[in-house]
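Structure at a glance
Here is how the chains run, residue by residue.
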Amino acid sequence: LPVLFWMYGGGNVEGSTAVPVYDGENLAKKGLVVVTINYRLGVLGFFTHPALTKEADTSGNYGLLDQLSALKWVRDNIAAFGGDPAQVTIAGQSAGAADAHNLVASPLAKGLFARAIEQSGSNIARGVPTLAEQEKDGVRFAEAKGAHTLADLRALSAKDFIAPVTAAGGGAPLRFGPVVDGHFLPESPNQIFAAGKQNDVPELTGCNKDDLGGGVPHPETSVAEFEKMAKERYGDMSTAFLRLYPAGSNVQAGQSQNKAARDQLRMAMYLWTQNRAKTAKTNVYTYYWDHTLPGPDAEKYGAFHTSEVPYVFNSLAKSDRPFTDADRQIADMMSSYWVNFATTGDPNGKGLAHWASVSEKPGRTMELGDTNAPIKVAGDKAKVEFFTKYFSQPQARP
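Thresholds, definitions, all that
Think of each chain on its own: its residues are numbered from 1, step by step along the sequence as written. It should be noted that, the model being predicted, local features are given only for residues of pLDDT at least 70 and side-chain atom pairs only at 80 or more, the latter also being counted only at that level, while totals for whole chains, interfaces and linings use all residues. Only hydrogens and water are set aside when side-chain values are computed; all heavy atoms of the structure are taken into account. Think of it this way: any DSSP run of H or I at least four residues long counts as a helix, any run of E at least two long counts as a strand, and we number them from the N terminus. Residue exposure (1.4 Å probe, protein chains only): buried if accessible area is under 20% of the type maximum, exposed if over 50%, otherwise partly exposed. Charge counting follows a simple rule: Lys and Arg are positive, Asp and Glu are negative, and His as well as the terminal groups are ignored. A single reference atom marks each charge: NZ on Lys, CZ on Arg, CG on Asp, CD on Glu. Cavities and pockets are found on a 1 Å grid laid over the protein atoms alone: a cavity is a set of points where a 1.4 Å probe fits but cannot escape, a pocket is an open set with protein on both sides within 12 Å along at least five of seven lines, and a lining residue has an atom within 4 Å of such a point. Grid points are joined across faces, edges and corners, and a volume is the space filled by probe spheres set on the points. Within this document, salt bridges are pairs made up of a side-chain nitrogen of Lys or Arg and a carboxyl oxygen of Asp or Glu, the two lying within 4 Å of each other. By definition here, a helix of n residues has an expected span of 1.5 Å times n minus one. Contact between two residues is taken to exist if any of their heavy atoms lie within 4.5 Å; hydrogens are not considered. Values of pLDDT, which run from 0 to 100, indicate the predictor's confidence residue by residue. Amino acids outside the nonpolar list (Ala, Val, Leu, Ile, Met, Phe, Trp, Tyr, Cys, Pro) and the charged list (Asp, Glu, Lys, Arg) are all regarded as polar, and Gly is one of them.

From N to C terminus, the protein chain includes 16 helices and eight strands. Its C-alpha atoms give the protein chain principal-axis dimensions of about 60 × 55 × 45 Å. Looking at the protein chain residue by residue over its 398 residues, the buried ones come to 51%. A distance of 4 Å separates the average location of the 39 positive side-chain charges in the protein chain from that of its 42 negative side-chain charges.

If you add up the space inside the largest pocket, you get close to 810 Å³. Every residue lining the largest pocket is counted, 29 residues in all, and those nearest its centre are S94, A95, A98, N123 and R126. Those elements that provide at least two residues to the lining of the largest pocket are α5 (95–105) and β5 (203–208). The element best represented in the lining of the largest pocket is α5, accounting for three residues.

Another aspect to go through is the pattern of salt bridges. Oppositely charged side chains can form a pair if their charged atoms are brought close together. All chains considered together, the criterion is met by 13 salt bridges. Between E203 and R276 there is a salt bridge, with the nearest N and O atoms lying 2.7 Å from each other. A residue pair is termed long-range when its members are at least 10 positions apart, and E203 in strand β5 and R276 in helix α12 (residues 250–277) qualify at 73 residues. A residue is classified by how much of its surface remains accessible, and R276, at 2% relative accessible area, is buried. With its nearest N and O atoms 2.5 Å apart, the salt bridge here joins D210 to R262. Placement of the pair is D210 in the loop between β5 and α10 (223–234) and R262 in helix α12, with a sequence separation of 52 residues. Judged by its relative accessible area of 5%, D210 is buried. Judged by relative accessible area, which is 16%, R262 ranks as buried. One salt-bridge network, held together by shared partners, links D263, R266 and K383.

Over its 16 residues, helix α4 (residues 62–77) runs 22 Å from end to end, which matches the ideal 22 Å to within 8%, given 1.5 Å per residue. Looking only at α4, the buried set comprises G63, L64, D66, Q67, L68, A70, L71 and V74. On the buried face of α4, the contacting elements are β1 (3–7), β2 (33–37), α2 (42–46), β3 (88–93) and α5.

Once that is clear, we can look at the confidence of the model for the protein chain. Residues of the protein chain with pLDDT of at least 70 account for 100%, and the chain-wide mean is 96. Looking at the elements of the protein chain, mean pLDDT is at its lowest for helix α13 (residues 298–301), recorded as 93, and at its highest for β1, recorded as 99.

The next point concerns empty space enclosed by the protein. What the rule picks out here adds up to one cavity of 30 Å³ or more. T286, W355, A356, S357, V358, K361, R364, T365, M366 and P374 together form the lining of the largest cavity. When residues of the lining of the largest cavity are assigned to their parent elements, the largest contribution, three residues, is made by strand β7 (residues 364–368). Here the lining of the largest cavity is composed, by residue class, of five nonpolar, three polar and two charged.

What follows is the structure, encoded as structure tokens:
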């Protein structure tokens, strides 16, 4: 049987296979062997420091190496569970999706999987810092704990070692994640793809309607705040942005905020597929999830980040939300698309709306959930041109 290999999200700082909706039973009933894995997170999974690098020729990416080890375990053992080691699909959401991208790029993962699914994790601006860049944070982290040597670090209790350290200048704690380490990632994923050195497998990827911000505008959204955001994010392109997404009133500013966020997400994903197409010979399928989970905060949060996961796993029964028959039908559809892709590299199958690959319908993505049909990646040509120009700039972000 084909194998689905699941990596949870959580920013590479939290997460667990114990999350109830990751239960693979209903996917297994449709013909998959489902493997969910744990991997090291946060400072335990991605800490970098020049002394560690000197000791082992590299540091960091321990969480990614855990994923690699789990894939090797699947290769060597999954036949005992009825699985086919030649038909493994790696899949993840959010940080798990970013990690799937790193596995697709890594030469160490060659031959360990046949397909990849990345949920809320594909965009043209997705970058990975260098080892040297993140080592500076490692030094700050260690010095803040009074650890001046590796011996000092290793003498710390686990509790003291993982305690957060605020970044220079205050604000959020230092965070450690995947790096270009010269080992797992010899170059950035974008460079590896540009050179055609990736593991060229069919991919299925998408984003959620309200991955950024939620279903309703934030209460602080005002004309002034929206215009300030536009100037900070888009610089000399802000005037053009505000023509496309006007803010004549606070209400319109809030509406434009959501419209812009949704168009930008789809465009960032689409432009990633266009870069991929320069060297990839395999298909990629993209989606835009639009269904709001039922519950007391449904209107506020909409189709929020991670909200597609229980539908993909067809595990609604593991959640206490007031699901309806319509939700169960959507879960049956979503899980069928995913099972088909994990089986053949193509999500299409009997009884499902046709899902075209990006090469089949350029400039379109498949809207899934309440509406199951292809839509434009942005509302009109002017918006496509605006975001194409914006994402051509080195500091652009989704």
